[in-house]
Amino acid sequence: MGKQEKAAHTFRLVTESFASALPEAALARIALTGLETRRRWKEAITDRQRQALLKKTISSMEALVNGSEQGDLTPPSPGLARIRARSRIQQARLLMELGKGSESLIQALGLLDSVLEAKSTPRGELAEAMFLKADLFSRIGKGENLLPAYAKVIELFPDIEEWSDSAVDRILKLSLSGVDPANQEDRIRLLARVRSEERR
């Protein structure tokens, strides 16, 4: 059993054994849905099947957070803000990874914006949504917004190491992309310039 199969098995156990334990059961169901969708995507034979699967998954996940799927999340469910944010982030990730064309990317951008605009979104999900939005900028032709978007993740969420460290890594990769790895002096000079520009 591979890592993804083990993860899916664990999430399935949580959703079945602790269905009433919120927010954990709902968060596990969201993660499981993402894993199963990716697996089924690989197994699909035609593009039409893949797109239908993605559309069904997005609708199902939205229904989960709106409480219309089996009466799951009727207010005031514990952790509802986190569940909503995780669901929308997972939907955005699926659209970014599996979606076809600019329509999927624009839909993903809208989902991430909804996470960022919600006043009750937990900081970890805010940082992740902001990081993913920065990733999207390069794919939708807004490359000029890349460095400032990653810098904003670092500025606003230095305590959320997973996303601030990833943003630093992306800034370094973008900044060093045109520099010969053998020329250490140019790399150091460029990093110093990036650092001083980000302080302004």
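## Describing the overall build of the chain
- Summing up its helical and strand segments, the chain has nine helices and zero strands in all.
- Counting from the amino terminus, the chain carries its helices and strands in the arrangement α-α-α-α-α-α-α-α-α.
- The buried share of the chain, taken over its 200 residues, is 40%.
- Restricting to contacts in the chain with at least 6 residues of sequence separation, those with at least 24 account for 55%.
- Counting only carbon and sulfur atoms, one obtains 53% of the accessible surface of the chain, whose full area is about 11800 Å².

## Digging into the packing of aromatic side chains
- Considering all chains together, one arrives at two aromatic pairs under this definition.
- With centroids separated by 5.5 Å and ring planes inclined at 50°, the aromatic side chains of F131 and Y150 adopt a geometry described as tilted. With a gap of 19 residues between them, F131 in helix α6 (residues 123–139) and Y150 in helix α7 (residues 146–156) connect regions that are remote in the sequence.
- The class for F131 is buried, based on a relative accessible area of 4%.
- Given a relative accessible area of 2%, Y150 falls into the buried group.
- Members of the aromatic cluster, connected to one another through ring pairs, are F131, Y150 and W163.

## Notes on the packing of helix α2 (residues 24–43) against helix α3 (residues 47–66)
- In contact at an axis separation of 10 Å, α2 and α3 are set at 175° when each is read in the N-to-C sense. By the angle class used here, α2 and α3 are roughly antiparallel. Residues A26, R29, I30, T33, T37, R40 and W41 of α2 form the contact with α3, whose participating residues are R50, Q51, L53, L54, T57, M61 and L64.
- Of the residues in the contact of α2 with α3, the class split is seven nonpolar, four polar and three charged.

## What to know about the packing of α6 against helix α8 (residues 161–176)
- Look at α6 against α8: their axes get within 9 Å of each other, and the N-to-C directions meet at 20°. The angle between α6 and α8 falls in the class roughly parallel. The two elements α6 and α8 cross, and the hand of that crossing is left-handed. Facing G124, A127, E128, F131 and D135 of α6, the residues of α8 in contact are W163, S166, A167 and R170.
- Here the contact of α6 with α8 is composed, by residue class, of four nonpolar, two polar and three charged.

Parameters and conventions
Residues numbered from 1 in each chain as written. Predicted model: local features only at pLDDT ≥ 70, side-chain atom pairs only at ≥ 80, totals over all residues. Heavy atoms only, no water. Helix = DSSP H or I, 4+ residues; strand = E, 2+ residues; numbered from the N terminus. Buried < 20%, exposed > 50% of the residue type's maximum accessible area, 1.4 Å probe, protein only. Contact = heavy atoms within 4.5 Å. Areas by Shrake-Rupley, 256 points an atom, 1.4 Å probe, with all protein chains shown as cover. Phe/Tyr/Trp six-rings, centres within 6.5 Å; stacked < 30°, edge-to-face > 60°. Axes fitted to C-alpha atoms, helices over the stretch in contact; angles between N-to-C directions. Parallel < 35°, antiparallel > 145°, perpendicular 65-115°, else oblique. Nonpolar A, V, L, I, M, F, W, Y, C, P; charged D, E, K, R; others polar. Left-handed = near helix turned anticlockwise from the far one by under 90°.

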